[in-house]
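Now for the letters of each chain:
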Amino acid sequence: MRDMTFSEIERLGAAVGEAGEAFSMDEDTFRVFYERTARPVWAYLSRMTGDARLADDLLQETYYRFLRAGSTHENDAHRRNYLFRIATNLVHDHRRKPRADRVELTEGIDAIDTRVDVNVAERTARRLDLARAMERLKPRERDMLWLAYANGSSHQEIADALGLKRASIKLLLFRARKRLANLLREPGT
Amino acid sequence: MIGPRQTRGPRRARLRGGVERSGPAVGSRRQATNVECAREQDIVDAIASGRWPRACDPSLEAHAAACEICRDVVTVAVALREDEFIARHEVSAARLPSAGLVWWRATIRARAEATRVAERPLTVAQGIAGACAVGLACGLAGVAWQSVQRFQRVGEMIAGLDASTLQLASASAVILQRALPLVLGLGACLLIAPLAIYFVLSDD
């Protein structure tokens, strides 16, 4: 990729204002919304892909698509659900890629060093167990469980984010939770 | 003899083997469809707020120990909450780009995309114009070549005339010989000029 000249940067800088008009919200509103949602979205992307660097890229892509969507939202919760839906779609797109491009969910977790604080070692071990168990679930089950128990989303919010019917969430969540609980209790099964 | 209704009940129950019940069940239908517990949300809230297990209602803890659904909820919710906490800690280590940076990148990209979309018809038009120019030049070159051949035939006819007109014939042949490079040059210009214009414009 070629370097940009000063005139090109100036031109782009001037164009920023024009391009901003095409977005679904103004910059100040976006800043507030971003501060409130970026961390949970990044955590979701990071855990669902198992790749922190990829999560960085997908975070930018999620907000870009959100801004470009141009859709109006009834309230902040609706806006947030829509954001998670975009993030979920991006994660699904990533999963469809050939396996060589993907990393396993357990890959980013550092090996346990028993010399460090016992609590840290235990926590890392638990995280590794969770990542291994999550890896054995279906992608949709993973998304659903994360949204429900890590993100604290309601059934309606999960349905909105995953594009499912609200009525089916209860049963699907029950099954996914049962599987994960069994895997966590007996990691060998 | 066992009727169909009698055999269907247990079979259904086997098919729904994964579905557990919680609390006292009234009938077999309720047993099969009960996939949640009334206190499930209280447990989730207690875990989310960090009150679990020490700072929450002791009856809730006792219930979780007895209820299979709530036991699963505790196992899963505690693990995922802890992982979410770690993930948030990871992201706080200067990983997350600022809102301003994300906004700026998005606007730059939006602008670049808008430019690309706007330029697309122009590029198509330039391509069509280039193709037309090449076609026209080829056509002109063909016409020029035919006229050259016609001039040669005229020259041959003149050469075949009697001596009185021989001087005129030789003069015409000379003219034709001199005109040939001119015609070829004109044809070449017609061929190259549109291409040159196209490439100059497409560089912009």
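Residues numbered from 1 in each chain as written. Chains lettered and ligands numbered in written order. Predicted model: local features only at pLDDT ≥ 70, side-chain atom pairs only at ≥ 80, totals over all residues. Heavy atoms only, no water.

Facing 51 residues of chain A, the contacting portion of chain B comprises 45 residues. Taken over both partners, the interface formed by chain A and chain B buries close to 4600 Å², and the fraction arising from carbon and sulfur atoms is 64%. For the pair chain A and chain B, the interface holds ten salt bridges. With a closest N to O distance of 3.9 Å, Glu113 of chain B and Arg68 of chain A form a salt bridge. Between chain A and chain B we count 16 residue pairs in polar contact (both at pLDDT 80 or more) in total. Broken down by secondary-structure element, the contributors of at least two residues to the side of chain A that touches chain B are helix H1 (6–20), helix H2 (27–49), helix H3 (52–69), helix H5 (118–135), helix H6 (139–150) and helix H8 (166–185) of chain A. At twelve residues, the largest contribution of residues to the side of chain A that touches chain B is made by H2 of chain A. Across the side of chain A that touches chain B, the residue classes break down as 28 nonpolar, five polar and 18 charged. (Contact = heavy atoms within 4.5 Å. Buried area = accessible area lost by both parts, 1.4 Å probe. Salt bridge = Lys/Arg side-chain N within 4 Å of Asp/Glu carboxyl O. Polar contact = N/O pair within 3.5 Å; in protein donor to acceptor, adjacent residues only side chain to side chain. Helix = DSSP H or I, 4+ residues; strand = E, 2+ residues; numbered from the N terminus. Nonpolar A, V, L, I, M, F, W, Y, C, P; charged D, E, K, R; others polar.)

To continue, consider the confidence of the model for chain A. Mean pLDDT over chain A stands at 81; residues scoring 70 or higher make up 76%. Counting contacts from residues 111–115 of chain A, a segment whose pLDDT is below 50, to residues more than four positions away or on other chains yields four contacts. (pLDDT = per-residue confidence, 0-100.)

Scanning the model with the defined rule gives 20 salt bridges over all chains in all. Close ionic contact of Glu61 of chain A with Arg65 of chain A constitutes a salt bridge, the shortest N to O distance being 2.9 Å. With Glu61 of chain A and Arg65 of chain A both in helix H3 and four residues apart, the pair spans about one turn of that helix. Residue class for Glu61 of chain A comes out buried when judged on its relative accessible area of 16%. Residue Asp76 of chain A is joined to Arg79 of chain A by a salt bridge in which the shortest nitrogen-to-oxygen separation is 3.6 Å. Linking Asp76 of chain A with Arg79 of chain A, this pair stays in helix H4 (residues 76–96), spanning three residues, or about one helical turn. Its relative accessible area of 29% is what places Asp76 of chain A among the partly exposed residues. Each of Glu61, Arg65 and Arg68 of chain A together with Arg109 and Glu113 of chain B takes part in salt bridges that share partners, so that together they form one network. (Buried < 20%, exposed > 50% of the residue type's maximum accessible area, 1.4 Å probe, protein only.)

A complete count under the given rule lists eight aromatic pairs over all chains for this structure. When the centroid spacing of 5.2 Å and the interplanar angle of 80° are considered together, the rings of Phe23 of chain A and Trp103 of chain B count as edge-to-face. On the criterion of chain membership, the pair formed by Phe23 of chain A in the loop between H1 and H2 and Trp103 of chain B in helix H6 (residues 99–159) is interchain, its members lying in two chains. Trp103 of chain B gets classed as buried once you look at its relative accessible area, which sits at 6%. Here the aromatic residues Phe23, Phe30, Tyr34 and Tyr63 of chain A together with Trp103 of chain B are joined through ring pairs into a cluster of three or more. Directly above the aromatic system of Phe33 of chain A lies the positively charged group of Arg79 of chain A, at a separation of 6.0 Å from the ring centroid. (Phe/Tyr/Trp six-rings, centres within 6.5 Å; stacked < 30°, edge-to-face > 60°. Lys NZ or Arg CZ within 6 Å of the ring centre and 35° of its normal.)

Turning our attention to the state of the cysteines. All names here are of chain B. Summed over all chains, the structure comprises zero disulfides over all chains. Free of any disulfide, Cys37 has its nearest cysteine sulfur in Cys70, 3.6 Å distant. Note on Cys37: relative accessible area 9%, which makes it buried. (Disulfide = S-S within 2.5 Å.)

Okay, H3 of chain A next. Residues and elements named next belong to chain A. For H3, spanning 18 residues, the distance from its first C-alpha to its last is 25 Å, which sits close to the expected 26 Å at 1.5 Å a residue. Capping the start of H3, Asp51 holds a side-chain oxygen 3.1 Å from the backbone nitrogen of Arg53, two or three residues further along. Gly70, located one to two residues past H3, shows a positive phi value of around 70°. (Expected span 1.5 Å × (residues − 1).)

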